[in-house]
Amino acid sequence: DMPWMMPDNQWQALQSQSEALWPHRSTQLNRLFAFGVDAYNLLPSLHTMGLLPQVEVAGLTGSLSMNDDHQIERRLPQAKIDNERVIPLSNKK
């Protein structure tokens, strides 16, 4: 799933504010919220991303970059489930 939906994500303050404003929002709407936040936050970076394809932006929905056709691509982090816990593979010990 997208980073925003993972437990213990790095956006705990934003998640708390979001839950306070919309306490009964569905999981589907939580995902749409994350896409909206990413779309808004990408606006200042679009020109640079179009010129430099190696630029990536860490968003609520994953790592965002622009391809040669000027489309935004999203790369999700990998994780595994162990005893009902989500463990990011980047934190593997």
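Here, every reference points to the structure presented above.
Residues numbered from 1 in each chain as written. Predicted model: local features only at pLDDT ≥ 70, side-chain atom pairs only at ≥ 80, totals over all residues. Heavy atoms only, no water.

**Describing the layout of surface pockets**
Then, in step 1: The volume enclosed by the largest pocket comes to roughly 510 Å³.
Then, in step 2: Residue lining of the largest pocket: 20 residues in total, with P3, M6, D8, N9 and P88 positioned closest to the centre.
Then, in step 3: Contributing elements (two or more residues each) for the lining of the largest pocket: strand 1 (57–59), strand 2 (62–66) and strand 5 (85–88).
Then, in step 4: Of the residues forming the lining of the largest pocket, the biggest block, 4 residues, is contributed by strand 5.
Then, in step 5: A per-class count over the lining of the largest pocket returns 10 nonpolar, 8 polar and 2 charged. (1 Å grid on protein atoms, 1.4 Å probe; cavity = no way out; pocket = protein on both sides within 12 Å on 5 of 7 lines; lining within 4 Å. Points joined across faces, edges and corners; volume = space filled by probe spheres on them. Helix = DSSP H or I, 4+ residues; strand = E, 2+ residues; numbered from the N terminus. Nonpolar A, V, L, I, M, F, W, Y, C, P; charged D, E, K, R; others polar.)

**So, the packing of aromatic side chains**
Then, in step 1: Counted under the stated rule, the structure contains 2 aromatic pairs.
Then, in step 2: Three or more aromatic residues joined by ring pairs form one cluster here, namely W4, W22 and F33.
Then, in step 3: Of note, R25 hangs over the ring of F33, and the distance from its end group to the ring centre comes to 4.6 Å. (Phe/Tyr/Trp six-rings, centres within 6.5 Å; stacked < 30°, edge-to-face > 60°. Lys NZ or Arg CZ within 6 Å of the ring centre and 35° of its normal.)

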